[in-house]
Amino acid sequence: MSIDVLAADERGDENVQRWLASGLPVPPSWRISRQAVLEQDTDGLVRRLRALPRMFNGERYWVLHQGAMNAESQRESLLNLDSDEALAAALTTVFGRDPAPEQVVVQALPRQRAAGVLFTRHPLRQDLPHMVVEGVAEGGAERQRLIFDEDGRLVYRADSDAVALDQAVPASQLLALGEQLKRGFERPQAGEWIHDGERLWLLQTLPVGSLPVPKEVWTRRATPALFNQALTPLWYTLVGRWLKTHFWRRLVEKHGWDDLARIEPYRRQQSHLYTNSEFFRRLREHHPGAAAKVPPAWQPLESVAGYPGAGKPAGRLQHWRQSGELAVIGRRLKGWRAPHRDRERLWRSLMELDRIGERLAAQEGALAYLSLPDRLLAERDPVPLALLLSEVEMAALRAVLAGDRSALEASRLRTGADPVHAPLCDQPAQFQSLRTPARPPTLHEEIPPHLDQSLLRLARRARGLRFAVGNRLRTLLVDVAALLVRDKLLAHPDDVFFLYFDELWELWMQGRVPASASGDVIGQRKVRYLEDAHAGAPDWKMDRIGFGFGGGGRLSPVLRGATLVPGTASGPVRRLCSAWALNRLQPGDIVVVDQVDPSWAPWLVQAAGLVITGRDPANVAASLAVACAIPAVWDVSDVMHSVVDGTCATLDGERGELIVNSESS
């Protein structure tokens, strides 16, 4: 009788043989031929099956692989049978069909304590690299879900009255199986498993069909140093062109990426700037820090930190060149003076600032996209606050901690480089929410002696020059807008920021309002801009579908990350998506942030606790938490998508979790 044990064989005919050879926990398996079954009567077949090794203390049951579920599927239909008699009857039925298979595979399994499916990558979210486990524990009929992040932390568990799945099955075993599946297959896998109370067994695994590799990807999170909030149409057309022509185009020519020569690197959607991830995919070979700018489906299997050159600082000669170039740009900006309200002089001054912006983009692009991400790959802790904040920002932070209102009233601090943002001395709406905490923390500014500060200081200097360009553009555009309002070409001075550059040119040079910039259109742009600034935008656009962020539309009961600063805090949740939301912050809020501009530090210091989406060592919220001992958790990947503004929450910095409920504060 042909009942063959399926031993490990990496070239075997059966999947279970190849899986076993790769070290996966496959249960004992046999191949039974059609002829062998038809030659036996039912009693003889039962005796033959019963004579097979009596594993699992006699509590085994059988699984019969019946073949593909349908012609298009790679998944096999599995039939669970609780006795030798049931298996014999099933075999007789299967081989008695016309047409019948020549052979089938059966497996012996112990009694189930839990069963389910493990997805090595999130089956619904192409933007997340998380491992998702769905299953049912013994004694319950409700399917439960567990989500683990890249570091193996349990970041989500649904509330359930049944025995918790992570109590029935040790998380370490699920993580070990997930890691084996990742190493053994090129594509994300869905592995069906059971647990017998002691050990995890794999029944079958197949590629996750719902995770195709996207063809076109745009990311909002390309570089927090440049675009960390909503931006106006005018600033988009200025800074986007600067970087396109004086950074990306030169990079494309340098590396010979001819097919990208006519591809746009930027797109403005939902008032946010998105970068084409295809540029970062090409960059990975030369700059490992670029790997974080592509979605999980495009990322390499090997660890980014293990790339050659990861964490190496830029060459000394390059550093000197960049430093010298930034010094020249700084001198030109320092010598710039706002002209009298003469049409020709105003436009010439605008063109002068435009040329300075182009020159600056070449340097800041290299720092923000190339040198700094590569350098920070080796950093596990936040960068010291003193290396991120400019003198103006640090002075404003100290003024808030000291309760010095007069210093704030005279401050030139602006909450973004976009010219639409007014300085504090102009009393914008955000000024009123600058309050001194009831118990001001002590500001610690120590810089570790081992840290290479040169590149960080250079990046801070370049960022300061971008703010200086924006500040001078604001001064100039206010004068431009005054003349346009006088000539009844604009209804309000602020409308100038919501023109695209070609519309501004037509207004200024031809003295007429283009159809695309009518009063109604400008009004709609302003409303949309503010709505997008408060709600935020998806992290990724893949094949025209948005992923991530979501504006806090659904509530998750438990959100976990990594401990940054121990301590506990309770209060209302406040999602911070842009500078326009700063005026809503209250002392004692638990502030949830993604990308943060360093200029927001004077507001963030009022928080009772900070929850940060990523683990970027250059995120000023993380640096501020460490410097001021504010309880904080970071690397809570999906938190901006999973909390609702105004709900009550408790931050447990010791355990690295945020516990929220549905009650509003």
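> Before we go on, may I ask you to explain the overall build of the protein chain in this structure?
Helix and strand content of the protein chain: 18 helices and 24 strands. Seen along its three principal axes, the alpha-carbon backbone of the protein chain occupies a region of about 105 × 55 × 55 Å. Relative to its 665 residues, the protein chain shows a buried fraction of 55%. If you take every contact in the protein chain between residues at least 6 apart in sequence, the share linking residues at least 24 apart comes to 66%. Carbon and sulfur atoms provide 48% of the accessible area of the protein chain, an area that totals close to 29200 Å². Once the 81 positive and 81 negative side-chain charges of the protein chain are each reduced to a mean point, those two points are 7 Å apart.

> Looking at this structure, I do not really get the nonpolar core. What am I missing?
The nonpolar side chains of a soluble globular protein tend to be buried with one another. Judged by nonpolar contacts, the single largest core of 128 residues is most densely connected at Tyr369, Leu504 and Leu604. Of the residues forming this core, the biggest block, 16 residues, is contributed by helix 13 (residues 454–486). Each residue touching Tyr369, except ones within four places of it in the same chain, is listed here: Ala222, Thr223, Leu226, Phe227, Phe247, Trp248, Tyr266, Thr275, Phe280 and Glu364. Among the nonpolar cores identified, the runner-up in size contains 21 residues, and Val105, Ala114, Leu181 and Leu200 belong to it.

> Help me out: how do you make sense of unusual backbone geometry in this one?
Excluding glycine, a negative phi dihedral is what most residues carry, and trans is how most peptide bonds are arranged. In this structure, Gln270 takes a positive phi of about 50° despite not being glycine. Here Gln270 falls in the partly exposed class, since its relative accessible area comes to 25%. Residues other than glycine seldom take positive phi values, yet Lys488 does so here, at roughly 60°. With respect to the secondary-structure elements, Lys488 resides in the loop between helix 13 and helix 14 (501–510).

> Can you walk me through the packing of helix 3 (residues 42–50) against helix 4 (residues 84–95) in this structure?
Relative placement of two packed helices is described by the angle separating their axes and the distance separating the axes. Orientation of helix 3 relative to helix 4, taken along the N-to-C sense of each, is 125°, at an axis distance of 9 Å. Looking at the two axes, helix 3 sits oblique to helix 4. Crossing geometry of helix 3 relative to helix 4 is assigned as right-handed. Facing helix 3, whose interface residues are Leu45, Val46, Leu49 and Arg50, helix 4 presents Asp84, Glu85, Leu87, Ala88, Leu91 and Thr92. Residue composition of the contact of helix 3 with helix 4, by class: six nonpolar, one polar and three charged.

> Sorry if this is basic, but what is going on with helix 9 (residues 316–334) here?
At 3.6 residues per turn, the α-helix brings residues three or four places apart onto the same side. The end-to-end C-alpha distance of helix 9 is 27 Å, a good match for the 27 Å that 19 residues give at a rise of 1.5 Å each. Where helix 9 is concerned, the buried positions are Gln322, Glu325, Leu326, Ala327, Ile329 and Leu333.

> How do you make sense of the pairing of strand 9 (residues 154–157) when you look at a structure like this?
Remember that side chains alternate between the two faces of the sheet whenever the strand is regular. Pairing geometry for strand 8 (residues 144–148) and strand 9, over three bridges, is antiparallel. Note that in strand 9 the partner of Leu146 across the bridge is Arg157. Here strand 8 folds back onto strand 9, and the loop between the two strands holds five residues, one of which, Gly152, carries a positive phi near 85°.

> Hey, could you run me through the pattern of salt bridges in this one?
Evaluated as defined, the whole model comprises 39 salt bridges. The salt bridge involving Arg125 is made with Asp638; its shortest N-O contact spans 3.0 Å. Of this pair, Arg125 sits in the loop between strand 6 (114–119) and strand 7 (131–137) while Asp638 sits in the loop between strand 22 (632–634) and helix 18 (639–642); the two residues are 513 residues apart in sequence, bridging distant segments of the chain. Put simply, Asp487 and Arg343 hold a salt bridge, and the shortest N to O gap is 3.5 Å. Here Arg343 lies in helix 10 (residues 343–376) and Asp487 lies in the loop between helix 13 and helix 14, a separation of 144 residues in the sequence. Overall, Asp487 belongs to the partly exposed group, its relative accessible area being 34%. Accessibility expressed as a relative area gives 30% for Arg343, which makes it partly exposed.

> For this particular structure, what's the right way to read the sheet that holds strand 9?
Neighbouring strands of a sheet are bound in pairs by backbone hydrogen bonds; such pairs are parallel or else antiparallel. Reading across the sheet, the six strands line up as 9-8-7-6-10-11 and stay open at both edges, with antiparallel pairing between neighbours. Edge positions in the open sheet fall to strand 9 and strand 11 (200–207), since each of these has one partner strand only. For this sheet, the mean inter-axis angle between neighbouring strands, taken without regard to orientation, is 20°. The sheet contact formed by strand 6 and strand 10 (residues 189–195) spans six bridges and is antiparallel. If you follow Ala114 over to strand 10, its bridge partner there is His195.

> Looking at this structure, I do not really get the pairing of strand 7. What am I missing?
For strand 7, the tally of buried residues reaches six of seven residues, placing the bulk of the element in the interior. Pairing between strand 6 and strand 7: six bridges, direction antiparallel. Residue pairing in the sheet places Val117 in a bridge with Glu134 of strand 7. Two elements, strand 7 and strand 8, share five bridges in a ladder whose sense is antiparallel. Bridge assignment links Val133 to a residue of strand 8, and that residue is Leu146. In sequence, strand 7 turns back onto strand 8 through a hairpin of six residues, with Gly139 there showing a positive phi of about 90°.

> Explain the packing of aromatic side chains here, please?
Given two aromatic rings, one states the distance between the centres and the angle between the planes to describe the pair. Using the criterion set out here, one finds 13 aromatic pairs in the structure. Ring geometry for Trp248 and Phe279: centres 5.2 Å apart, planes at 55°, overall tilted. Of this pair, Trp248 sits in helix 7 (residues 233–255) while Phe279 is found in helix 8 (residues 277–283), placing the two residues 31 residues apart along the sequence. Across the pair, Phe279 and Trp248 agree in class, each one buried. Relative to Trp508, the ring of Trp347 lies with its centre 6.5 Å away and its plane at 20°, an arrangement referred to as stacked. Linking Trp347 in helix 10 with Trp508 in helix 14, this pair joins segments that are 161 residues apart in sequence. For the residue pair Trp347 and Trp508, the accessibility class agrees, reading buried in each case. Following the ring pairs from residue to residue traces out a cluster consisting of Phe247, Trp248, Phe279, Phe280 and Tyr369.

> It is not clear to me how the sheet that holds strand 12 (residues 217–219) should be interpreted in this structure. Could you clarify?
The strand order across the open sheet formed by five strands is 13-14-12-15-16, and the pairing between neighbours is antiparallel. The open sheet is flanked by strand 13 (266–269) and strand 16 (545–547), the only strands paired with a single partner. Here the strands of the sheet are splayed against their neighbours by 30° on average, with no regard to which way each runs. Of the pairings in the sheet, the one linking strand 15 (residues 540–542) to strand 16 comprises three bridges and is antiparallel in character. By the bridge assignment for strand 16, Trp540 is matched with Phe547. In this fold helix 7 packs onto strand 13 and strand 14 (272–276), with an angle of close to 165° to the strand it touches most, strand 13.

> I tried to follow the confidence of the model for the protein chain on my own but got confused; where do I start?
Should the pLDDT be low somewhere, the predicted coordinates at that spot are not to be read in detail. Looking at the protein chain as a whole, its pLDDT mean stands at 88, while 92% of the residues score no less than 70. By mean pLDDT, the top-scoring element of the protein chain is helix 16 (residues 601–604) (97), and the lowest-scoring one is strand 17 (residues 558–560) (76). Taken as a whole, residues 302–311 scores under 50 in pLDDT and shows 17 contacts with residues more than four places along the chain or in a different chain.

> Mind showing me how you'd approach the environment of Pro572 here?
Secondary-structure assignment places Pro572 in strand 19 (residues 568–576). Assessed through its relative accessible area of 18%, Pro572 is described here as buried. Spatially, the C-alpha atom of Pro572 lies 7.8 Å from that of Gly588, the residues being 16 residues apart in sequence.

Calculation rules
Each chain has its residues counted from 1, following the order in which its sequence is written. Since the coordinates come from a predicted model, pLDDT governs what is reported: local features require at least 70, and pairs of side-chain atoms require 80 or more to be given and counted, while whole-chain, interface and lining totals use all residues. Each side-chain value is worked out from all heavy atoms of the structure, with water and hydrogens disregarded. Numbering of helices and strands runs from the N terminus, with a helix taken as a DSSP run of H or I at least four residues long and a strand as a DSSP run of E at least two residues long. Per-residue accessibility, obtained with a 1.4 Å probe over protein chains only, is compared with the maximum for each type, and a residue is labelled buried under 20%, exposed over 50%, and partly exposed between these values. Contacts are assigned to residue pairs with any non-hydrogen atoms lying within 4.5 Å of each other. For accessible areas, the Shrake-Rupley method is used with a probe of radius 1.4 Å. Any residue's cover is judged against the shown protein chains and nothing else. Note that His is not counted, nor are the chain ends; the positive residues are Lys and Arg, and the negative ones are Asp and Glu. Working definition for charges: the position is that of NZ of Lys, CZ of Arg, CG of Asp or CD of Glu. Within this scheme, the nonpolar core is defined by two criteria: the residues are buried Ala, Val, Leu, Ile, Met, Phe, Trp, Tyr or Cys, and they are joined through side-chain atoms within 4.5 Å. The convention used is that axes are lines fitted to C-alpha atoms, helices contributing only their stretch in contact, and that angles between N-to-C directions extend from 0 to 180 degrees. Should an angle lie under 35 degrees it is considered roughly parallel, over 145 roughly antiparallel, and from 65 to 115 roughly perpendicular; all remaining angles are considered oblique. Less than a right angle of anticlockwise turn of the near helix away from the far helix marks a crossing as left-handed, whereas a clockwise turn marks it as right-handed. As a working rule, the residues Ala, Val, Leu, Ile, Met, Phe, Trp, Tyr, Cys and Pro are called nonpolar, Asp, Glu, Lys and Arg charged, and the rest polar, with Gly in that last group. What a helix is expected to span follows from its residue count: subtract one and scale by 1.5 Å. In this scheme, strands are said to pair when DSSP sees at least two bridges between them. When a carboxyl oxygen of Asp or Glu lies within 4 Å of a side-chain nitrogen of Lys or Arg, that pair is called a salt bridge. Aromatic rings from Phe, Tyr and Trp, taking only the six-membered ring of Trp, are treated as a pair when their centres fall within 6.5 Å; an angle between ring planes under 30 degrees marks them as stacked, one over 60 as edge-to-face, and anything in between as tilted. pLDDT is a per-residue confidence score from the predictor, ranging from 0 to 100.

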